[in-house]
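# Residue-level structural notes
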Amino acid sequence: MLWQDRSADGLREPAGKSPAALPARQVLSDSVYESIKATVMDHEIAPGARVGIDALSRTLGVSPTPVREAVARLEADGLVVKRSLSSYHATELLTRHGLEELFEMRLLLEPRAAALAATHATEEQLDAIERIVEEMRTLPGPTGHYADYRDFAALDQRFHDAIASASHRPLLADAVERLHSHLHVFRLSNMKVAEDPTLAEHERVVRAVLRRKADRAAEAMTEHLALSLRRQLARETEG
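Below is a short write-up of the structure. Everything numeric here is computed off the predicted structure, so don't read it as measured data.

The strand order 1-3-2 describes an open sheet built from three strands, whose pairing is antiparallel. Only two strands of the sheet have a single neighbouring strand rather than two, namely strand 1 (50–51) and strand 2 (80–82). Two elements, strand 2 and strand 3 (residues 88–90), share three bridges in a ladder whose sense is antiparallel. Among the inter-strand pairings, valine 80 is bridged to a residue of strand 3, identified as alanine 90.

Take the nonpolar core next. Burial of nonpolar side chains together is a common tendency in soluble globular proteins. Counting 64 residues, the largest nonpolar core has Ile36, Val67, Phe159 and Ile163 as its most contacted members. Those residues in contact with valine 67 that sit more than four places away from it in its chain are Val32, Ile36, Ile53, Leu56, Ser57 and Val62.

Turning our attention to the side chain of histidine 160. Secondary-structure assignment places histidine 160 in helix 6 (residues 146–165). Residue histidine 160 is classed as buried on the basis of its relative accessible area, which comes to 5%. Within polar-contact distance, the side chain of histidine 160 engages the side chain of glutamate 110 at 2.6 Å. Once you skip the residues sitting within four places of it in the chain, histidine 160 turns out to touch Arg106, Glu110, Val176, His202, Met221, His224 and Leu225.

Attention now moves to helix 1 (residues 24–41). Under the 1.5 Å per step criterion, the end-to-end length of helix 1 is 26 Å for 18 residues, consistent within 8% with the ideal 26 Å. Most of helix 1 sits out of view: 14 of its 18 residues are buried. Remark: histidine 43 follows helix 1 within two positions and exhibits a positive phi of approximately 65 degrees.

The next thing to look at is the environment of alanine 147. Within the secondary structure layout, alanine 147 lies in helix 6. Taking the C-alpha atoms as reference, alanine 147 lies 8.8 Å from serine 35; in sequence the two are 112 residues apart.

Once that is clear, we can look at the packing of helix 5 (residues 123–136) against helix 6. Running from N to C, helix 5 and helix 6 point in directions that differ by 160 degrees, and their axes come no closer than 10 Å. With respect to helix 6, the element helix 5 is oriented roughly antiparallel. Helix-helix and strand crossings are classified by hand; for helix 5 and helix 6 the assignment is left-handed. In this structure, helix 5 uses Gln125, Ile129, Ile132, Val133, Glu135 and Met136 to contact helix 6, whose residues at the interface are Phe152, Leu155, Asp156, Arg158, Phe159, Ala162, Ile163 and Ser165. Split into classes, the residues belonging to the contact of helix 5 with helix 6 amount to nine nonpolar, two polar and three charged.

On to unusual backbone geometry. With a phi close to 60 degrees, histidine 168 is a non-glycine residue in the positive phi region. Looking at the secondary structure, you find histidine 168 in the loop between helix 6 and helix 7 (170–178). Although it is not a glycine, arginine 212 adopts a positive phi angle of roughly 60 degrees. Checked against the element boundaries, arginine 212 lands in the loop between helix 9 (198–210) and helix 10 (214–238). Arginine 212 gets classed as partly exposed once you look at its relative accessible area, which sits at 34%.

Our focus in this paragraph is the packing of aromatic side chains. Scanning the model with the defined rule gives two aromatic pairs in all. Ring geometry for tyrosine 146 versus tyrosine 149: centroids 5.5 Å apart, planes at 90 degrees, classification edge-to-face. Note that tyrosine 146 and tyrosine 149 are positioned in helix 6 at a spacing of three residues, about one turn of the helix. Like tyrosine 146, the residue tyrosine 149 is buried in the burial classification. Following the ring pairs from residue to residue traces out a cluster consisting of Tyr146, Tyr149 and Phe186. One Lys or Arg, arginine 73, reaches over the ring of tyrosine 33 and ends 3.8 Å from the middle of that ring.

Definitions and limits used
Within every chain, residues take consecutive numbers counted from 1 along the sequence as written. Owing to the predicted nature of the model, reporting of local features is limited to residues with pLDDT of at least 70; listing and counting of side-chain atom pairs is limited to 80 or more, with chain, interface and lining totals taken over all residues. As a convention, hydrogens and water are excluded, and side-chain values are obtained from all of the structure's heavy atoms. Strands qualify as paired when DSSP identifies two bridges or more between them. Strands are runs of DSSP state E lasting at least 2 residues, helices are runs of H or I lasting at least 4, and numbering of each runs from the N terminus. Buried residues of nine kinds, namely Ala, Val, Leu, Ile, Met, Phe, Trp, Tyr and Cys, make up a nonpolar core once their side-chain atoms join them within 4.5 Å. The rule is simple: take the accessible area with a 1.4 Å probe, protein chains only, and divide by the maximum for that residue type; under 20% is buried, over 50% is exposed, in between is partly exposed. Whether two residues touch is decided by their heavy atoms; if any such pair falls within 4.5 Å, the residues are in contact. Whenever two N or O atoms come within 3.5 Å, that pair is a polar contact, provided that in protein one can donate a hydrogen and the other can accept it, and provided that, for residues adjacent in sequence, both atoms are side-chain atoms. What a helix is expected to span follows from its residue count: subtract one and scale by 1.5 Å. Axes here mean lines fitted to C-alpha atoms, for a helix over just the part in contact, with angles spanning 0 to 180 degrees between N-to-C directions. By the definition adopted for this analysis, an angle is roughly parallel if under 35 degrees, roughly antiparallel if over 145, roughly perpendicular if from 65 to 115, and oblique otherwise. When the near helix sits turned anticlockwise from the far one by under a right angle, the crossing is termed left-handed; a clockwise turn instead gives a right-handed crossing. Under the scheme applied, nonpolar residues are Ala, Val, Leu, Ile, Met, Phe, Trp, Tyr, Cys and Pro; charged residues are Asp, Glu, Lys and Arg; polar residues are all the others, including Gly. Each pair of aromatic rings taken from Phe, Tyr and Trp, with Trp reduced to its six-membered ring, is defined by centres within 6.5 Å and is described as stacked if the planes are under 30 degrees apart, edge-to-face if over 60, and tilted in the remaining cases. The criterion for a charge sitting over a ring is simple: Lys NZ or Arg CZ within 6 Å of the ring centre, and within 35 degrees of the ring normal.

Next comes the structure, spelled out in structure tokens:
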């Protein structure tokens, strides 16, 4: 089945948003976006394959307009690429070199962001970072279909973005956010894993930031990213 674990109308709502609190058009737009995103993340639209606007419109039972809007958002996420005036394709998976380059960038940016967050984060920002980790504890990690761990993946992004934002360096925070690293990495992890240590590694970063230990925060973030890269490369070898 193409789409799994959806609500009664065949679509799931984005994490953290109450449908009743949003205009109907926004709810539809977000739902279509999440549905198409899931097919890309789960490789149901294969890497490099064409993303057919009309076909998706028929499958989802919606007009082409929200599908086009969703595909444009996916292009901004780096999951879809436009090859001609109206032809979209799912981006290819990262190569080993591309993965290593992505983590090279992260290792340049995020340990510094964590150190600065330990020094400059406000109490409100520290509370927000703690809440993200607490919520992650209640959710399943990256196992099975994207629909099953979508909320965990979204919180993973929020965690790294929140640390970067707490650095109080807008250019640094913007650079971290624009990498969209969580999407590329989770898309590579299209397999079941028995136990994912991401949460424990996040908690070590948080403890250092809360204690205002800049050096330790940078070390914990470096360790987390290095281990994450190692896991990804190991999965690539196993595959």
